[in-house]
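Next come the chains, spelled out residue by residue.
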Amino acid sequence: MSVTVSSPAVRSFHVSRSPHKTISRPRVIMSAVRSTDSLGVAPILTKLQKDCATPLPVLRHVADAMADDMRAGLAVDGGSDLKMILSYVDTLPTGNEKGLFYALDLGGTNFRVLRVQLGGKEERVVATEFEQVSIPPELMFATSEELFDFIASALGKFAQKEGGNFELQQGRAREIGFTFSFPVKQTSIRTGILIKWTKGFAVSGTAGKDVVACLNEAMERRGMDMQVSALVNDTVGTLAGARYWDDDAMVAVILGTGTNACYVERVDAIPKLPKRMSKSPITIVNTEWGAFSNGLPLTEFDREMDAESVNPGEQASISDSKCEKLFSSYTWYHTVSSWSFLLSYFLMKIFEKTISGMYLGEIVRRVLVKMAKVGGLFGGSYVPEKLVTPFVLRTPDISAMQQDTSRDLEAVESVLYDVAGVKSDLSARKTVVDICDTIAKRGGRLAGAGIVGILQKMEEDSKGLIFGKRTVVAMDGGLYEHYPQYRGYLQEAVTELLGSEISKNVVIEHSKDGSGIGAALLAAANSKYEHDY
């Protein structure tokens, strides 16, 4: 079913829970609930708060190290933890673009197709329409031709429904912005060689091939007059979408289940950039900042997670922010076959471990388990079976608990009982809120320091061009959108690091669904046709 909207919705993150929901009793029999004024709970909380502390000197170190690692990653591939991937996006949307353009976002078991009618400076986005399509499970193990033929077929059916406010200019083929969130080695704005499939895909005959060519050939086989004009990742799409509306947009950050950041870089500041024909002085660099690791305040609970991963301390070869659909399924992450995937992905990205939505709930859960065992947080030393299940407590749960303003913390009580099988008294619930705040505060402030590190690097190379004027950081993702305390801590860190005067020029804006419409905008900006504006 097609849906016409003026502003497509961002990825969902928030989960509502009713405090009055009828729930079956937990399987583990709990001893009588008692006060948490135990000698065991307070020391654990105190140590957690100390280990997670992000005073100004720590934030400065993180920001400085981020800037240094960016520079090292731009000098040579493998020069730092940050990959600093070249996007080959040299032409950014200006707002003058006109015509009908499509976007295809492939990043998991579902993909989305979108079309947008652009009307230039005066009308901007005239209309948008999108549709989500599920990939049949058998195609995840099929041949390359079978998978891309299915995608092309769905795209063709979507294009056939075109009408109303959508009109293709005469003499033009439909052009697509292709968001492909699997590991690729991009060689131009229109080419990308697949390194390997991830996320449960095992499609044969694609590795080592250009994924753009695979899609173009599939559309050609079906007689479709469509072609890919831009291959991008979701973070780059977010920046392009923000830049379309605001020329001051220089950085884009995704903070959802996963995280990443990209920014506008001067071409002459990229030593590893191969000599090309491009005459553009700027390009977008994808930092892949989830792998950053320098000077981060880690706890015993972070280290335990890393030690239990398949490849401790390494970065996962999987796109950020695209596992949210999988992670939202309760049954999915309780299957044995999924655990190696979860742990190998979740626990390899060091910076991502401390700031993204995948991790925050799991860290809180691990703290609760220790407090229950050692300090009798919930009475006695028994720990409910549900609470010891990894990743059973999700970040939307801790967000809901931290936002509970009721006198008896009823929402906290409901989440603990519903999700973790825990009965709690008011004292225990207050402790849980303190734990949630500690983990969210560390995450938000470190994310803010990372943003300042990017801005700092840009300022050092272009004196006064960043801190001397208005600069927009576009934010996308459910963690940023739906967790107000986290969002507040992020802004707090940016202000502390930059100072009140400079930070006034740094505008952090929420960019809804930037990656979707951004891909279509990049197709427009990189159209093979002469612009007539």
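- As annotated in an unreviewed UniProt entry, the protein is Phosphotransferase from Solanum bulbocastanum.
- Annotation of the protein in UniProt includes, under Sequence similarities (unreviewed entry), the sentence "Belongs to the hexokinase family."

## Things to note about the packing of helix H7 (residues 300-307) against helix H11 (residues 357-375)
- Packing of H7 against H11 leaves a shortest axis separation of 10 Å and a crossing angle of 110°. Considering their axes alone, H7 and H11 lie roughly perpendicular with respect to each other. Contacts between H7 and H11 pair Glu300, Phe301, Asp302, Glu304 and Met305 from the former with Tyr359, Glu362, Ile363, Arg366, Val367 and Lys370 from the latter.
- Within the contact of H7 with H11, the residues separate by chemical class into 5 nonpolar, no polar and 6 charged.

## Re the pairing of strand S7 (residues 184-188)
- Pairing geometry for S7 and strand S8 (residues 191-194), over 4 bridges, is antiparallel. Residue pairing in the sheet places serine 188 in a bridge with threonine 191 of S8.
- Where S7 folds back on S8, the antiparallel hairpin that results is connected by 2 residues.

## Section: the pattern of salt bridges
- On inspection of all chains with the given rule, the structure shows 25 salt bridges.
- A salt bridge links glutamate 362 to arginine 366; the shortest N-O distance between them is 2.8 Å. Highlighted residues: glutamate 362 and arginine 366, both in helix H11, separated by 4 residues, approximately one helical turn. Across this residue pair, the class does not change: glutamate 362 and arginine 366 are buried.
- Residue glutamate 501 is joined to lysine 504 by a salt bridge in which the shortest nitrogen-to-oxygen separation is 3.4 Å.
- Overall, the relative accessible area of 58% leaves lysine 504 in the exposed class.

## Quick notes on helix H13 (residues 410-420)
- Across the 11 residues of H13, 8 count as buried, placing the element largely inside the fold.
- Taken residue by residue, H13 has Val412, Ser414, Val415, Leu416, Tyr417, Asp418, Val419 and Ala420 as its buried positions.
- On its buried face, H13 sits against H11, helix H12 (395-402) and helix H14 (426-461).
- Just beyond H13, the residue with positive phi is glycine 421, at close to 70°.

## Here's the deal with unusual backbone geometry
- At tyrosine 88, a residue that is not glycine, the phi angle is positive and equals roughly 65°.
- As for its placement among the helices and strands, tyrosine 88 is situated in the loop between strand S2 (85-86) and strand S3 (98-106).
- With a relative accessible area of 13%, tyrosine 88 lands in the buried category.
- A positive phi is found at glutamate 288, a non-glycine position, where the angle reads about 50°.
- Here glutamate 288 lies in the loop between strand S12 (282-286) and H7.

## Section: the packing of aromatic side chains
- The final tally for this structure, using the stated rule, is 12 aromatic pairs.
- On the basis of an interplanar angle of 75° and a centroid distance of 5.4 Å, the ring pair of phenylalanine 182 and phenylalanine 201 is categorised as edge-to-face. Of this pair, phenylalanine 182 sits in the loop between strand S6 (174-180) and S7 while phenylalanine 201 sits in the loop between S8 and helix H5 (211-221); the two residues are 19 residues apart in sequence, bridging distant segments of the chain.
- Seen from their ring centres, tryptophan 289 and phenylalanine 351 are 5.1 Å apart, and the 85° between their planes marks the pair as edge-to-face.

## Things to note about a negative patch on the surface
- A cluster of like negative charges, contributed by Glu145, Glu146, Glu217 and Glu220, occupies part of the molecular surface.
- Listing elements by their share of the negative patch, those giving two or more residues are helix H4 (144-160) and H5.

## Quick notes on the sheet that holds strand S10 (residues 249-255)
- A sheet is described by the order of its strands in space; here 6 strands give the open sequence S2-S12-S11-S10-S13-S14, paired in mixed fashion. Single-partner strands in this sheet number two, and they are S2 and strand S14 (506-510).
- Direction of pairing for S10 relative to strand S11 (residues 259-266): antiparallel, over a ladder of 5 bridges. From the neighbouring strand, alanine 252 faces S11, where its bridge partner is cysteine 262.
- The sheet strands contacting H14 are S10, S11, strand S13 (471-476) and S14, and the helix crosses S11 at an angle near 10°.

So, how was this worked out
Along every chain, residues carry numbers that run from 1 in the direction the sequence is written. For a predicted model such as this one, the threshold for reporting local features is a pLDDT of at least 70, and the threshold for listing and counting side-chain atom pairs is 80 or more; totals across whole chains, interfaces and linings nevertheless cover every residue. Think of the side-chain values as coming from all heavy atoms in the structure, minus any hydrogens and water. UniProt positions are given in the numbering used here, feature names are shortened, and annotations may be inferred rather than shown by experiment. Helix axes use the C-alpha atoms of the stretch in contact, all axes being lines fitted to C-alpha atoms, and the angles between their N-to-C directions lie in the range 0 to 180 degrees. Numbered from the N terminus, helices here are DSSP runs of H or I no shorter than four residues, and strands are runs of E no shorter than two. Just so you know how the angles are binned, under 35 degrees is roughly parallel, over 145 roughly antiparallel, 65 to 115 roughly perpendicular, and the rest oblique. Note on contacts: a residue pair qualifies if any of its non-hydrogen atoms lie within 4.5 Å across the two residues. When residues are grouped by polarity, Ala, Val, Leu, Ile, Met, Phe, Trp, Tyr, Cys and Pro land in nonpolar, Asp, Glu, Lys and Arg in charged, and all others, Gly among them, in polar. Two strands are said to pair when DSSP picks up at least two bridges between them. Salt bridge criterion: a side-chain nitrogen from Lys or Arg within 4 Å of a carboxyl oxygen from Asp or Glu. Remark: exposure states derive from per-residue accessible area (1.4 Å probe, protein chains only) relative to the maximum for the residue type, with buried under 20%, exposed over 50%, and partly exposed in between. When the centres of two rings from Phe, Tyr and Trp lie within 6.5 Å, Trp using its six-membered ring, the rings pair. Their planes under 30 degrees apart give stacked, over 60 give edge-to-face, and anything left gives tilted. For patch building, the residue pool is restricted to those with more than 30% relative accessible area and no salt bridge; the joining distance is 9 Å between like charges and 5 Å between nonpolar side chains (Val, Leu, Ile, Met, Phe, Trp, Tyr). To be clear on the numbers: accessible area is Shrake-Rupley with a 1.4 Å probe, and residue cover counts the displayed protein chains and nothing else. In this tally, Asp and Glu contribute negative charge and Lys and Arg positive charge; neither His nor the terminal groups of the chain are included. In this description, the location of a charge corresponds to atom NZ of lysine, CZ of arginine, CG of aspartate or CD of glutamate.

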